Every structure is written in structure tokens, then in C-alpha cells.
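Observations on chain architecture
Here is what each chain is made of, one letter per residue.
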Amino acid sequence: MKPLTESEIRAAFVNCSKGEAARLNVPRDLAERPWEDLDFLGWRDPQAPDRGYLVIELDGRLVAIVLRASGATAWQARGSLCSLCRTPHADGVSLLVAPRAGKAGKQGHSVGAYMCADLACSLYVRGLKDPGTRFRESLTLEEKVDRMMGNLTAFLAKVLE
């Protein structure tokens, strides 16, 4: 992924108001992010732990979405699998819900998926971050990245419908 600026990120949000995009907390360490290892930018808001954000380039344009974590349930403590990168976690997966874009979102419609709680899927896929457990897969890194991006693109298509 190419390095992004704060203004590029704020302008890319599709499922919140411009005012909300202006107020949300963008990471202060954008210059230090491992951009060459990121397929999308994801972060959780340290001032609002139930909020997360994703930014990806789709069809030549940046698309950013707001996510909200649901309350943890007892079964999540047993371990889960991220639906994007397919990384298993003992306790690092959250149900993250995105309001749908446009009129549907204004009517309260949303889409959810179980994702790495820290939104660091790109780093888990590359083995740069250790989830504690890992499946042995015969897929190449390129195939794992393609699978993750296909899963993320499918999720975003539901948000943008």
C-alpha cells in the first residue's frame, strides 16, 4: 500500500458523516507504518476502544469505513478465526460491524464480520506478527494475500451496496 496522509484518509470515509470523519482519531504514527507490508490500513481508536477503521484502495480510489466492535460473548473466549485473513486467535478476534453506506446506513442497516481485533491482518498473513497459534497452509504468500483481499473486498461490497 502507498503511504497515506491524514487528509486522504479523512476524505475517503463512505459510511459516516464528514463531521464524524473530521473528528475521528487518525493514527499519529502514519510515517512509521510498515506501508510496504500493508494491503490495507486498519486501526483501533485508542480513545474509543469499541471503534475501528479500515482504509483500502478499490478500483483506483481510496475507500475508508468506520467499524464498531460488538460486546464480547462467552464463546469468543474459546478462540476464533478472522474472516478476512483466516488467522486463528485465542482471544484476538472481534465482531466488527460497519454501518452501510448511503441511505441504508442512515436507516440503521449494518454489516458485520469477525476480524482480527487489532486489524493487523496484513502483518499476520506475512508472519510479521504472531497470533500465538497458526495453521500450516500450503498456500503461497501471494495466495494468502489474494484470499484476504478477496474476503475484504466482499465485505466492503456489502457495506457499499
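Details of the structure are given in the entry above.
Below or above, wherever it landed, is the structure these notes cover. From a predicted model like this one, the values you see are computed outputs, not experimental measurements. (Residues numbered from 1 in each chain as written. Predicted model: local features only at pLDDT ≥ 70, side-chain atom pairs only at ≥ 80, totals over all residues. Heavy atoms only, no water.)

1. Notes on the sheet that holds strand β6 (residues 93-99)
The five strands are arranged β1-β2-β3-β6-β7 in an open sheet whose pairing can be described as antiparallel. The strands lining the two open edges of the sheet, one partner per strand, are β1 (41-45) and β7 (110-116). Across the sheet, the mean angle separating the axes of adjacent strands is 30° when strand polarity is ignored. With five bridges joining them, β1 and strand β2 (residues 48-58) adopt antiparallel strand pairing. Its bridge partner lying in β2, glycine 42 is registered against leucine 54. (Pairing = 2+ DSSP bridges. Helix = DSSP H or I, 4+ residues; strand = E, 2+ residues; numbered from the N terminus. Axes fitted to C-alpha atoms, helices over the stretch in contact; angles between N-to-C directions.)

2. Some details on the pairing of β2
The buried fraction of β2 amounts to eight of the 11 residues, a majority that puts the element mostly inside the structure. Hairpin connection between β1 and β2: a loop of two residues separates the two successive antiparallel strands. In this antiparallel pair of consecutive strands, β2 and strand β3 (residues 61-69), the connection spans two residues, and aspartate 59 shows a positive phi of 50°. (Buried < 20%, exposed > 50% of the residue type's maximum accessible area, 1.4 Å probe, protein only.)

Coordinates in, geometry out; function isn't part of it.
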